[in-house]
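# Understanding the architecture of this molecule
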Amino acid sequence: MRAQTVWLLILLSAIVIAMLVTPVARAVAFRIGMIDHPAPRKLHTRPIPLLGGAALYLAVLIALLMLEDRYNLPQLAGILVGATAISFLGIWDDRWGLRPMIKLAGQIAIAGIVMATGVMVSLFPWPILNVLITLLWLVGITNAFNLIDNMDGLSGGIGAVSAAFFLLLAALNGQYLVGALSAAVLGACIGFLRYNFNPASIFMGDAGSMFLGFLMAVLGIKLRFPNNVAFVTWMVPVLVLGIPIFDTALVVFSRLRRGLNPLTTPGKDHLSHRLARAGMTHREAVLTLYLAQAALGALALFVAMAGMLESYLIGAIVGGIALWALWRLERPPFWEG
């Protein structure tokens, strides 16, 4: 069976499974009391069940296992073990709560699981530097998706857009494992968004956002470009995941500027909140960020095939716009104080 056919079957299976499992997860969440109640710093005004992450997890896992084929590799087993562990860590946090440092320690330990199977950045000739960058990337992107899960449909939609570009890049570069994982994540996100887009009837919680971010981070590392050099292509996953990365940078910068701990201080200071503060509805803010992520994904496609000069020119332009946006978003009408 051709790779593209397998990917399509995985995609469709994940959509169907997510659409079937999510209502079950919603009912279970109400029964066991996994509910996110309204609070001053939150946007929803009624109790919302929190077990959507379990539906995302099951949709990805079942779609991959149902269509087991050439991607049945030891490395996939390590990735799925890590993804399972990060999902259960999130469920524990959703149900009982975890201290930030304990959660971080768990994320680092789980990152070590997939690193032990060979999921590793290989940019530099010094192994220790590659290990540190890999660890920073895995933990950073995991938390970036956790942070951006602050408005109905945002984390799931950004995950779907990013997974779609990873799938396309995998198809262009013959990356079978990346393609299979991307198709599963894309399908799970699409199916879940049926219930999570504004007005949401279920949230993915930390179990879903960390699971999604962890897989996105792994896909960014696993993607390879046989016809280009790593000195250029390292920018590709950064662009594909550009909105979560920028949102994290914005929050960290803003909270440090205000003398707050960026890791433990909650607040309505994310990119989506600032767009809403400037006059957008919640749906408009979310859709705007979908479009922004799609634009960055399109740039990633160009960089993947471009030479060094063109790639770094694009990188410099995007970096300049990001710095300007950091400054602009700290001013009215996006923010005051």
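Structural data are supplied above this passage.
Now for a description of the structure that goes with this document. Please read all numbers here as calculations on a predicted model, not as lab measurements.

Calculation rules
Residues numbered from 1 in each chain as written. Predicted model: local features only at pLDDT ≥ 70, side-chain atom pairs only at ≥ 80, totals over all residues. Heavy atoms only, no water. Helix = DSSP H or I, 4+ residues; strand = E, 2+ residues; numbered from the N terminus. Buried < 20%, exposed > 50% of the residue type's maximum accessible area, 1.4 Å probe, protein only. Contact = heavy atoms within 4.5 Å. Areas by Shrake-Rupley, 256 points an atom, 1.4 Å probe, with all protein chains shown as cover. Lys, Arg positive; Asp, Glu negative; His and termini not counted. Charge placed at Lys NZ, Arg CZ, Asp CG, Glu CD. Salt bridge = Lys/Arg side-chain N within 4 Å of Asp/Glu carboxyl O. Axes fitted to C-alpha atoms, helices over the stretch in contact; angles between N-to-C directions. Parallel < 35°, antiparallel > 145°, perpendicular 65-115°, else oblique. Nonpolar A, V, L, I, M, F, W, Y, C, P; charged D, E, K, R; others polar. Patch = residues over 30% accessible without salt bridge, like charges linked within 9 Å, V, L, I, M, F, W, Y side chains within 5 Å.

In terms of helices and strands, the protein carries 14 helices and two strands. For the C-alpha atoms alone, the extent of the protein along its principal axes is close to 50 × 45 × 35 Å. Counting over 337 residues, the protein shows a buried share of 53%. Across the protein, contacts joining residues at least 24 apart in sequence account for 76% of those joining residues at least 6 apart. In the form shown here, the protein has an accessible surface area of approximately 14,900 Å², with 71% of it arising from carbon and sulfur atoms. Treating the 22 positive side-chain charges of the protein as one cloud and the 14 negative ones as another, the clouds have centres 3 Å apart.

Further remarks concern the pattern of salt bridges. Going through the model one piece at a time under the given rule, you end up with six salt bridges. The residue D206 makes a salt bridge to K103 at a minimum N-O spacing of 3.0 Å. Remark: K103 occurs in helix α4 (residues 100-116) and D206 occurs in helix α8 (residues 205-222); sequence separation between them is 103 residues. For D206, a relative accessible area of 15% translates into the label buried. Under the relative-accessibility criterion, K103 is labelled buried at 13%. We note a salt bridge from R255 to D269, for which the minimum N-O separation is 2.8 Å. One end of the pair, R255, is in helix α11 (residues 242-257); the other, D269, is in the loop between α11 and α12 (271-277), and 14 residues separate them in sequence. Across this residue pair, the class does not change: R255 and D269 are buried.

Let us look at the packing of helix α3 (residues 74-95) against α4. The interhelical angle for the contact between α3 and α4, taken along N-to-C directions, is 170°, at an axis separation of 8 Å. Taken together, the axis directions place α3 and α4 in an arrangement best described as roughly antiparallel. On α4, the residues that touch G78, I79, V81, G82, A85, I86, L89 and D93 of α3 are K103, G106, Q107, I110, I113 and V114. Residues belonging to the contact of α3 with α4 are distributed by class as follows: eight nonpolar, four polar and two charged.

On the surface, a cluster of nonpolar side chains totalling about 740 Å² of accessible area is made up of L123, F124, W126, I128, L129, V131, L132 and W234. Tracing the sequence through the fold places W234 in the loop between α9 (230-233) and α10 (235-240). For W234, a relative accessible area of 38% gives the class partly exposed.

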